[in-house]
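# Coordinates in review
Next come the chains, spelled out residue by residue.
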Amino acid sequence: MAVASPTQDDRQQYYEELEGLQMGPLWAILRSTLTREPQRREVPFLWPWSVVRPQLLRAGKLVTAAEAERRVLMFLNPGNPARIGATATLYAAMQLILPGECARAHRHTPAALRFIVEGEGAFTCVNEEKVTMSPRDLVLTPPMVWHDHGNDGGQPVMWLDGLDIPLLLSLNGVFFEEYDGEAQPSSMPPARSERLYGRGLFPGGSAAGPAQSYSPVWTYRWVDAREALDCLRRSSEPDPFDGFILRYVNPSSGGEVLATIGCRLQLIPKGIHTRAHRHSTSCVYHVAEGSGFSVVNGVRLDWRHGDTFAVPIWCWHEHAADAEDAVLFSFSDEPVIGALGHRREQAYLGNGGFQAVESVFGAK
Ligand SMILES: [Fe+2]
Ligand SMILES: [Fe+2]
């Protein structure tokens, strides 16, 4: 006996019944969910220091550190639906602490890094170790490590915060605890973590302990990183896509400094224009030195010292320094994508490896 063909109404009624039963037909969303490539919502975007700095100082006049807990301006990618990320997985922001202020102690599962932009005299206390902060130092506060910030100096101090908050939110993995008291005591010897773990040596015997998922070095000094970059430049050829690039390393494992965030420092010498590539990781760049531009999916982003910009996943990108040497600090979700086995990279093959510029970011 022949079966009558279902009508549109039959199907519609069926779908509506399923909806009420908290079920749904996969075939209706299969192609829009399992896409050939990531369906990126975030866009290439740049936050100029000339815009960020005055707004941050304004926050210093309007809100106290005690009121805010952290006086932070978030960098929100216009395409990020949750209004929290600079990319789909990475949070970036700029924090201000004024002389004499304390940003009270707490800890949380999101991993954090700080890259100091301006000012001397601030410190982060990490698990009772006082870590001084100078411009362009990298300071880590890994997951569930107690941290508070203070400013013993006489000038405002500002730094870039990088965290994995969007990723942790997607995993529903945020835990947060307040410390019992405003600031931790500094019971550890000063600079313990960098003196003990950051000098090519490592504790042995019963003090060795297992490899950790994050670096036991709380701070990576700019003077050391910059010197290493110069050594690399003098002794090797530039990478075609990244110029001269260094990885900040966890000395207990040789891996990335945080389980969810990798950090890099790269030098683009004056006159170098890297070839374009793209990869299945997203990245936030901060200009540590000099000026230049990047082309990200056809958008030219002109940047200078203090600027921050986002390169979302699977966007073609290339960097150039035309007037002077430039140094870019960056952080990415590479450790996560790598651990999942999903790292992909592709070189741009057209036009000699360089993209055509379709628009200039910020142009009126
Ligand atoms: Fe925190
Ligand atoms: Fe890249």
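Our subject in this report is the structure included herewith.

Basis of the calculations
Residues numbered from 1 in each chain as written. Chains lettered and ligands numbered in written order. Predicted model: local features only at pLDDT ≥ 70, side-chain atom pairs only at ≥ 80, totals over all residues. Heavy atoms only, no water. Donors = N, O, S within 2.8 Å, 3.2 Å for Na, K, Ca; no water. Helix = DSSP H or I, 4+ residues; strand = E, 2+ residues; numbered from the N terminus. Buried < 20%, exposed > 50% of the residue type's maximum accessible area, 1.4 Å probe, protein only. Pairing = 2+ DSSP bridges. Axes fitted to C-alpha atoms, helices over the stretch in contact; angles between N-to-C directions.

Coordination of the iron ion (ligand 2) by the protein comes from H277 (NE2), H279 (NE2) and H317 (NE2), over a distance range of 2.1 to 2.2 Å. Counting residues between consecutive donors of the iron ion (ligand 2) along the chain gives the motif H-x1-H-x37-H. Highlighted residues: H277 in strand β15 (residues 277–279) and H317 in strand β20 (residues 317–320), separated in sequence by 40 residues. Assessed through its relative accessible area of 1%, H317 is described here as buried.

A separate point is the sheet that holds strand β11 (residues 176–178). With respect to topology, 5 strands assemble into an open sheet ordered β7-β6-β9-β4-β11, the strand pairing being antiparallel. Here the strands that pair on one side only, and so sit at the sheet edges, are β7 (129–133) and β11. Within this sheet the neighbouring strands show an average axis-to-axis angle of 25°, counted without direction. Here 5 bridges tie strand β6 (residues 122–126) to strand β9 (residues 147–151), and the two strands are oriented antiparallel to one another. The residue of β9 that forms the bridge with F123 is G150.

Time to look at the coordination of the iron ion (ligand 1). Protein-derived ligands of the iron ion (ligand 1) are H106 (NE2), H108 (NE2) and H147 (NE2), with the metal-ligand distances lying across 2.1 to 2.2 Å. Of note, the iron ion (ligand 1) draws all its donor residues from one chain, in the sequence arrangement H-x1-H-x38-H. Placement of H106 in strand β4 (residues 102–108) and of H147 in strand β9 is noted, with a sequence separation of 41 residues between them. The burial state of H106 is the same as that of H147; both residues are buried.

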